[in-house]
Amino acid sequence: MQIIRNSSEAEMILAFLQGELQSKRFSEKIKNALADLNLNSDIIIYGNINAEYENKKRAFLMQKFRGYPDKELFNNFPKNIDWKYAKLAKNDINNIYYINYSYWNELSGGTSKPLDAAKTIKMGKEIFGVSNKPFISGADYIINHKFPPVILLTYNTEKYVIIEGHSRMTVYGLLPEKIEGSYAYIGFVSKEEMELYDKRML
């Protein structure tokens, strides 16, 4: 992994919303949230993190859409985060974990690791009746294309939990070499805050 530059909460939020807008699972929900708030998707697609009024609207959208900063996925989410933009290397996937969620737990055989989820997919086993076809299609896609950055959180640079990009990271599990040269927003937090959010990462 190579740290490229400093990042920010505003940039992370924009990247999160961009990733979810492209997600088959969450795109409809985020579009509904945009409509409820009278916002146009341009605020995500062409977002400008230097425009403070945009940042405030996106933060409000994140709150409505995903409970940010302290509910749902973000329950006990760290408050003091040093955000960085980084380039990933092939071996980094060995240290990346899913959030503690039933589907990802089952898909990975209890390890929460995308590489193990890939083994389940290759065996043709489907979890909770959810098709594996999107992962297979994703693997075909990244042969000639790049995925947007994922969002990760760590306290010790030994374990990284995925905040956004679970499906993309699963596709990388199928083709680990393709993670080389991809990008991520990485939040560095204290041990105490990580323990509150996800003690598995200690």
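Please refer to the structure higher up on the page.
Reference entry: report on the structure contained in this document.

Definitions and limits used
- Residues numbered from 1 in each chain as written.
- Predicted model: local features only at pLDDT ≥ 70, side-chain atom pairs only at ≥ 80, totals over all residues.
- Heavy atoms only, no water.
- Buried < 20%, exposed > 50% of the residue type's maximum accessible area, 1.4 Å probe, protein only.
- Helix = DSSP H or I, 4+ residues; strand = E, 2+ residues; numbered from the N terminus.
- Contact = heavy atoms within 4.5 Å.
- Core = buried A, V, L, I, M, F, W, Y, C linked by side-chain atoms within 4.5 Å.
- Pairing = 2+ DSSP bridges.
- Axes fitted to C-alpha atoms, helices over the stretch in contact; angles between N-to-C directions.

**Considering helix H6 (residues 114–122)**
Of all the positions in H6, only Pro114, Asp116, Ala117, Ala118, Thr120 and Ile121 are classed as buried. Against strand E3 (96–97), helix H5 (102–107), helix H7 (133–141), strand E5 (160–164) and helix H8 (166–174) lie the buried residues of H6. Once H6 finishes, Gly124 follows within two positions and takes phi at roughly 80°, a positive value.

**Some thoughts on the nonpolar core**
The biggest cluster of nonpolar side chains holds 60 residues, and the ones touching the most others in it are Phe16, Leu153 and Ile163. The greatest single-element share of this core, amounting to 6 residues, is contributed by helix H1 (residues 9–21).

**Here's the deal with the sheet that holds E3**
Reading across the sheet, the 6 strands line up as E1-E2-E6-E4-E5-E3 and stay open at both edges, with mixed pairing between neighbours. With partners counted over all chains shown, the strands left at the sheet margins are strand E1 (2–6) and E3, one partner each. Inspection of the sheet shows strand E2 (residues 82–87) paired to strand E6 (residues 183–188) by 6 bridges, in the antiparallel sense. Opposite Trp83, over in E6, you have Gly187 as the bridge partner. On top of the sheet, H8 reaches E3, strand E4 (150–154) and E5; it is set at about 130° to E5, its chief contact.

**Concerning unusual backbone geometry**
Cis geometry marks the peptide bond from Tyr68 to Pro69; its omega dihedral reads 15°. Relative to the elements of secondary structure, Pro69 occurs in the loop between helix H4 (52–66) and E2. Non-glycine residue Glu72 carries a positive phi angle of around 55°. Relative to the helices and strands, Glu72 resides in the loop between H4 and E2. Classification of Glu72 as exposed rests on a relative accessible area of 52%. The phi dihedral of Thr157 falls on the positive side, at around 60°, and the residue is not glycine. Within the fold, Thr157 resides in the loop between E4 and E5.

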